[in-house]
Amino acid sequence: MRTIAVYPGSFDPPTYGHLDIIDRSSRVFSRVIVAVARNIRKEVLFTTAERIDMLKQLTRSYSNVEVDSFKGLLMSYAADKGAHVVVRGLRAISDFEYEFQMAHMNKKLADDVDTVFMMTGERYSYISSNIVREIAGFGGKIDDLVPELVRERVFRKMGKRGKS
Ligand code: PNS
């Protein structure tokens, strides 16, 4: 069976935690679509095009991973793509409540789509895009949290040099 999975998120910016989920999803599903959300009610550091560009570069070596963006409901996007699986990473219990609500709501919207949770690898479990932006905002070291390409762009965007 060829299973198409969508891995949606803000990816503002992509972190090692996201890349861990992409890597593992690519071994489980035949095709993984990393879908950057465009209409999130959040203030973002990077434009959609910038987030897509970073993710494309970071996933270049995977032949079954593609990067796209979506606007509107995730379930409508999944239907358009013929995807029956949504992948989400779970870092800690604190993620659970929000993910639980979202998975159930999505199931109500589209019964033929299942959300599959992957536990983010232990060494990445404390990483979030918010933490990356916060630390970088104060000029702190983010090398262990994001790849070099992302590190450079975060500091460039913030007009800071940052530590390495
Ligand atoms: O990385 P994030 O910010 O946790 O990702 C959240 C995202 C983008 C996956 C979620 O907000 C989403 O799916 N938004 C699209 C709108 C939608 O379908 N909302 C209903 C879900 S309950």
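Below, the structure is looked at part by part. (Residues numbered from 1 in each chain as written. Predicted model: local features only at pLDDT ≥ 70, side-chain atom pairs only at ≥ 80, totals over all residues. Heavy atoms only, no water.)

Some points on the site of the ligand
Selection rule: Whether a residue is near a molecule or strand depends on its heavy atoms: it is near if one of them lies within 4 Å of it. Here a polar contact means two N or O atoms within 3.5 Å. Within protein one must be a hydrogen donor candidate and the other an acceptor candidate, and residues neighboring in sequence count only if both atoms are side-chain atoms. Each accessible area is a Shrake-Rupley estimate made with a 1.4 Å probe; only the visible protein chains count as cover when residues are assessed. Numbering of helices and strands starts at the N terminus; helices are DSSP runs of H or I of at least 4 residues and strands are runs of E of at least 2. Residue type decides the class: Asp, Glu, Lys and Arg count as charged, Ala, Val, Leu, Ile, Met, Phe, Trp, Tyr, Cys and Pro as nonpolar, and the leftover types, Gly among them, as polar.
Within the structure, the ligand sits among 14 residues, and Gly-9, Ser-10, Lys-42, Leu-74 and Arg-88 are positioned closest to it. In this structure, Leu-74 approaches the ligand through a main-chain N or O atom, which is 2.8 Å from an oxygen atom. Contact distances for the ligand include 2.9 Å between an oxygen atom and a side-chain N or O atom of Arg-88. Coverage of the ligand by the protein amounts to 78% of the 550 Å² it exposes when considered alone. Sorting elements by how many residues they give to the shell around the ligand places helix α4 (residues 93-109) first, with 4 residues. For the shell around the ligand, the residue count by class is 8 nonpolar, 4 polar and 2 charged.

Examining the side chain of Asp-23
Take Asp-23: it is sitting in helix α1 (residues 16-28). Within the structure, the side chain of Asp-23 is placed 2.7 Å from the side chain of Tyr-62, a separation counted as a polar contact.

As for the sheet that holds strand β2 (residues 31-37)
Stated precisely, the cut-off is as follows: Strand pairing follows a simple DSSP-based rule, namely that at least 2 bridges must link the two strands. Only the stretch in contact is used when fitting a helix axis, every axis being a line fitted to C-alpha atoms; angles between N-to-C directions are given from 0 to 180 degrees. By the convention used here, residues are in contact when the closest approach between their heavy atoms is within 4.5 Å.
Ordered by their spatial adjacency, 5 strands build an open sheet running β3-β2-β1-β4-β5, and the pairing between neighbours is parallel. Both edges of this open sheet fall to β3 (65-70) and β5 (114-119), since each of them pairs with a single strand only. Ignoring strand direction, the axes of neighbouring strands in this sheet form an average angle of 30 degrees. Both strand β1 (residues 4-9) and β2 contribute to a ladder of 6 bridges, which runs parallel. Note on β2: the bridge partner recorded for Tyr-7 is Val-34. Relative to strand β4 (residues 85-90), α4 is tilted by about 170 degrees, and along the sheet it contacts β4 and β5.

Describing the side chain of Thr-15
Keep this limit in mind: The buried label applies to any residue whose accessible area, calculated with a 1.4 Å probe on protein chains only, is under 20% of its type's maximum; exposed applies above 50%, and partly exposed to all values in between.
Residue placement: Thr-15 occurs in the loop between β1 and α1. Assessed through its relative accessible area of 2%, Thr-15 is described here as buried. The residues touching Thr-15, leaving out its near neighbours within four places in the chain, are Ile-127, Ser-128, Ser-129, Val-132, Leu-145 and Val-146.

Looking at helix α6 (residues 148-158)
Considered for burial, the residues of α6 that qualify are Val-150, Arg-151, Arg-153, Val-154 and Phe-155. Its buried side turned inward, α6 meets α2 (48-58) and α5 (129-137). Gly-159 occupies a position one or two residues after α6 and carries a positive phi of about 65 degrees.

With respect to the packing of α2 against α6
Going by this rule: When describing relative orientation, an angle under 35 degrees is termed roughly parallel and one over 145 degrees roughly antiparallel, while 65 to 115 degrees is termed roughly perpendicular and anything else oblique. In this scheme, a crossing is called left-handed if the near helix is turned counterclockwise away from the far one by less than a right angle; it is called right-handed if the turn is clockwise.
Relative orientation of the contacting elements α2 and α6 amounts to 160 degrees, with a least axis distance of 10 Å. In terms of orientation, α2 and α6 fall into the roughly antiparallel class. The chirality of how α2 crosses α6 is right-handed. Across from Glu-50, Asp-53, Met-54, Gln-57 and Leu-58 in α2, the residues of α6 making contact are Leu-149, Val-150, Arg-153 and Lys-157.

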